[in-house]
Amino acid sequence: MFSSYFRYENPKKKKPFPNSLITRTLKKMEILSQMWSLLGLLTVLQNVLPSQLLSLLHSLYENLQDLLSPYSYFEIPEFNGYCGVDLNDLYRHVHLYLNAVNHSPAAACRRVTLSRSPSSNRISFAVAPNHTVHDSFNGHRLSWTHHVDTVQDSLDEKRSFTLRLPKRHRHALLSPYLEHVTSRAEEFERVSRERRLFTNNNGSGSFESGWVSVPFRHPSTFETLALEPELKKQIKEDLTAFSNGKEFYHRVGRAWKRGYLLHGPPGSGKSSLIAAMANFLCYDVYDLELTKVSDNSELRSLLIQTTNRSIIVIEDIDCSVDLTADRMLKKANANALMAGSKWKGGKVKTASLRCSGEESGRVTLSGLLNFTDGLWSCCGEERLVVFTTNHRDSVDPALVRCGRMDVHVSLGTCGVHAFKELARNYLGVESHVMLETVEGCIRHGGSLTPAQVGEILLRNRGDADVAMREVVSAMQSRMLVVAASGGGGGRGGGGGDGWDQTDNEETTTMGVGLRSPESVLMMGSPENWDGLSGKKRKEHGSNNCEKKVKFFVRLRSLTKSDSSR
């Protein structure tokens, strides 16, 4: 009994394989042998049969495969045609769409390539060659395959994308999906590429060297601008409506452009506002120096070379060139005729005056008007034309009328909210014991420009108390200057810079969507603004004496409170 239980088995004795396992192995080897035989037969047939017959057989096989497959396939090659010269724009859009960081279907791929080009500030995903990524659109699952094949007897590569989508819904999906891909790709390209700052060369009108550029890396944004909150909001809403208004502008038959006139005293933030607009819209900036432009023909050639999604800036438009020379010559000639000069002599003089501008080879007012609102201004889309000036009254009325300068932004000295924004940016403080004193100085004519306040805060950024005391001292000095000049500085001050701040008074304007104490955004007819501002100037003069009395009383109280603190 025990011997049968503890039976000894030799471990070296091998168990025989089951017959079923041997049978399956033989069948697999037979199948592999048949496949190799078939491949050998196909190789022989490929060398024996004519190429036309092989192409026909291949085509029949693909048609049979398409008939039985539930998917439709669309190939997007890198180049159009067979020459391989014209780049396929749709291929570029698909490449950008799959690499978009905010979408990144390539991130779900098993194998991706990370890259960052010199002209971009972002890291993008790239689909690895011969890999597939999946996407979804309107509840359907789609896939992209990136094919990279080596051309025979060449080092070149043939690249393409293959889109796979359900065959049943291909007509309903293809066009909307490709439009979605294109829009997302353009948006990604706009926000990811490096913006450029262009300036025109001196006396060069050639298409190759009309502009030179450097990277545009200005840090100004609407979050850091020293502007009233409502003014920021309205400017951003206007810019957003413009950038999204392609269909609207085409429907109403207007060129897709918009004009901005920024006027205010030096240091009021005109250049910073332009930089913030460029960063907000992700546009390039073209700084046009009119003194370097020889004639109207060169001005037109420079306009043609600008790209879409750009801001064309002409700073100090009233000082760049003498744009009112034509009007002055015509006016002088008319006065001479009215004075009793002879008709023949007047006629010769008129002709000589009319041709003098053309012979001198300069940029004329007519050329600039055609640049901003003529037929040549429609050669591109999605452009902003921005003029800046320190004195709006010095600009020719033809340049600032509606249709050329659609939005007028009056930038003055710092208001209360603007000063708080500067204090938060420079000093990192949300509140301070001397803010009430600063507000009182601002309300009584002691406000400074953002550049003046920023310089004081920058110099004393290590100590907030010292910075606030120096700001209050500068504002009180400003109030004394205003009082000594007879109150001509008005509410916003600025008389020390030779700037008349009467335009910054609180007036009722037509078409004004926003009123803030120190900065104004105006839309509508400039003629209405001039009349209303003139009316306000008269009221300002009649109440000047009363304001002086209140000013000195308030100045004494502020000085006492500051010394006690």
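Residues numbered from 1 in each chain as written. Predicted model: local features only at pLDDT ≥ 70, side-chain atom pairs only at ≥ 80, totals over all residues. Heavy atoms only, no water.

Colleague: I tried to follow the overall build of the chain on my own but got confused; where do I start?
Modeller: Scanning the chain from terminus to terminus reveals 20 helices and 17 strands. When the 565 residues of the chain are sorted by exposure, 39% land in the buried category. On the chain, roughly 32800 Å² of surface is accessible, and the fraction owed to carbon and sulfur atoms is 55%. (Helix = DSSP H or I, 4+ residues; strand = E, 2+ residues; numbered from the N terminus. Buried < 20%, exposed > 50% of the residue type's maximum accessible area, 1.4 Å probe, protein only. Areas by Shrake-Rupley, 256 points an atom, 1.4 Å probe, with all protein chains shown as cover.)

Colleague: Would you mind showing me how to read the nonpolar core here?
Modeller: The nonpolar side chains of a soluble globular protein tend to be buried, and buried together. Core analysis: the largest hydrophobic core is formed by 28 residues, its most contacted members being Leu273 and Met277. Secondary-structure elements contributing two or more residues to this core are helix H6 (229–243), strand E11 (257–263), helix H8 (270–281), strand E13 (310–314), strand E14 (383–389) and strand E15 (407–410). (Core = buried A, V, L, I, M, F, W, Y, C linked by side-chain atoms within 4.5 Å.)

Colleague: Would you take a moment to explain unusual backbone geometry for this structure?
Modeller: For residues other than glycine, phi is negative in most cases, and the peptide bonds are mostly trans. Non-glycine residue Asn138 carries a positive phi angle of around 55°. In the Ramachandran plot, Asp316 falls in the positive-phi region, its phi being about 50° despite a non-glycine side chain. Looking at the element boundaries, Asp316 is found in the loop between E13 and helix H10 (317–320). Residue classification places Asp316 among the partly exposed positions, given a relative accessible area of 33%.

Colleague: Which parts of the structure should I look at to understand the pattern of salt bridges?
Modeller: Side chains carrying opposite charge are able to pair once their charged atoms draw close together. This model, assessed by the stated rule, comprises 17 salt bridges. We note a salt bridge from Glu194 to Arg217, for which the minimum N-O separation is 2.7 Å. With Glu194 in the loop between helix H5 (170–192) and strand E9 (196–200) and Arg217 in the loop between strand E10 (211–215) and H6, this pair connects stretches of sequence that are 23 residues apart. Among the residues examined, Arg217 registers a relative accessible area of 64% and is labelled exposed. (Salt bridge = Lys/Arg side-chain N within 4 Å of Asp/Glu carboxyl O.)

Colleague: Would you explain empty space enclosed by the protein in this entry?
Modeller: One pass over the full model with this rule turns up four cavities of 30 Å³ or more. Reported here for the second largest cavity is a volume of approximately 60 Å³. Surrounding the second largest cavity, Trp256, Lys257, Leu303, Ile312, Phe371, Thr372, Ser377, Gly380, Arg383 and Val385 form its lining. Counting residues per element, the ones that place at least two in the lining of the second largest cavity are helix H13 (365–373) and E14. Residue classes in the lining of the second largest cavity are distributed as five nonpolar, three polar and two charged. (1 Å grid on protein atoms, 1.4 Å probe; cavity = no way out; pocket = protein on both sides within 12 Å on 5 of 7 lines; lining within 4 Å. Points joined across faces, edges and corners; volume = space filled by probe spheres on them. Nonpolar A, V, L, I, M, F, W, Y, C, P; charged D, E, K, R; others polar.)

Colleague: Is there a simple way to explain the packing of helix H16 (residues 435–443) against helix H18 (residues 464–484) in this structure?
Modeller: Helix-helix packing is characterised by the crossing angle of the two axes and by the distance between the axes. For the pair H16 and H18, interaxial distance at closest approach is 10 Å and the crossing angle is 20°. Here H18 runs roughly parallel to H16, going by the angle between their axes. Here H16 runs over H18; the crossing is left-handed. Counting all contacts with H16, which are made through Leu435, Thr437, Val438, Cys441 and Ile442, the residues of H18 involved are Met468, Val472, Met475, Gln476 and Met479. Looking at the contact of H16 with H18 residue by residue, the class counts come to eight nonpolar, two polar and no charged. (Axes fitted to C-alpha atoms, helices over the stretch in contact; angles between N-to-C directions. Parallel < 35°, antiparallel > 145°, perpendicular 65-115°, else oblique. Left-handed = near helix turned anticlockwise from the far one by under 90°. Contact = heavy atoms within 4.5 Å.)

Colleague: Can you walk me through the confidence of the model for the chain in this structure?
Modeller: Segments scoring low in pLDDT should not have their predicted coordinates read at a detailed level. For the chain, per-residue confidence averages 76 on the pLDDT scale, and residues scoring 70 or more make up 69% of the total. The low-confidence segment residues 342–359, where pLDDT is below 50, has nine contacts with residues more than four positions distant or belonging to other chains. With pLDDT under 50 throughout, residues 488–517 is counted as low confidence; its partners more than four residues away or in other chains account for 75 contacts. (pLDDT = per-residue confidence, 0-100.)

Colleague: Looking at this structure, I do not really get the sheet that holds strand E6 (residues 131–137). What am I missing?
Modeller: The strands that make up a sheet pair up through hydrogen bonds in the backbone, lying either parallel or antiparallel. Ordered by their spatial adjacency, four strands build an open sheet running E1-E8-E7-E6, and the pairing between neighbours is antiparallel. Unpaired on one side and paired on the other, strand E1 (71–77) and E6 mark the two borders of the sheet. The average angle at which neighbouring strand axes cross in this sheet is 25°, direction not considered. Direction of pairing for E6 relative to strand E7 (residues 140–150): antiparallel, over a ladder of seven bridges. Following the sheet pairing, Val133 is matched in E7 by Trp144. (Pairing = 2+ DSSP bridges.)

Colleague: Quick question: what am I supposed to make of the side chain of Ser160 here?
Modeller: Note that Ser160 resides in strand E8 (residues 157–166). On the basis of relative accessibility, which here comes to 5%, the residue Ser160 falls in the buried class. A distance of 3.4 Å separates the side chain of Ser160 from the side chain of Glu75, its partner in a polar contact. When near neighbours in sequence (up to four residues on either side) are disregarded, Ser160 contacts Glu75, Ile76, Pro77, Glu78, Tyr91, Thr145, His146 and His147. (Polar contact = N/O pair within 3.5 Å; in protein donor to acceptor, adjacent residues only side chain to side chain.)

Colleague: What exactly am I supposed to notice about the packing of helix H17 (residues 450–459) against H18 here?
Modeller: H18 packs onto H17 with a crossing angle of 150° between their chain directions and a minimal axis gap of 9 Å. Between H17 and H18, the angle is such that the two are roughly antiparallel. Between H17 and H18 the crossing geometry is right-handed. Contacts between H17 and H18 involve Ile456, Leu457 and Arg459 from the former and Ala467, Glu470, Val471 and Ala474 from the latter. In terms of residue class, the contact of H17 with H18 is made up of five nonpolar, no polar and two charged.

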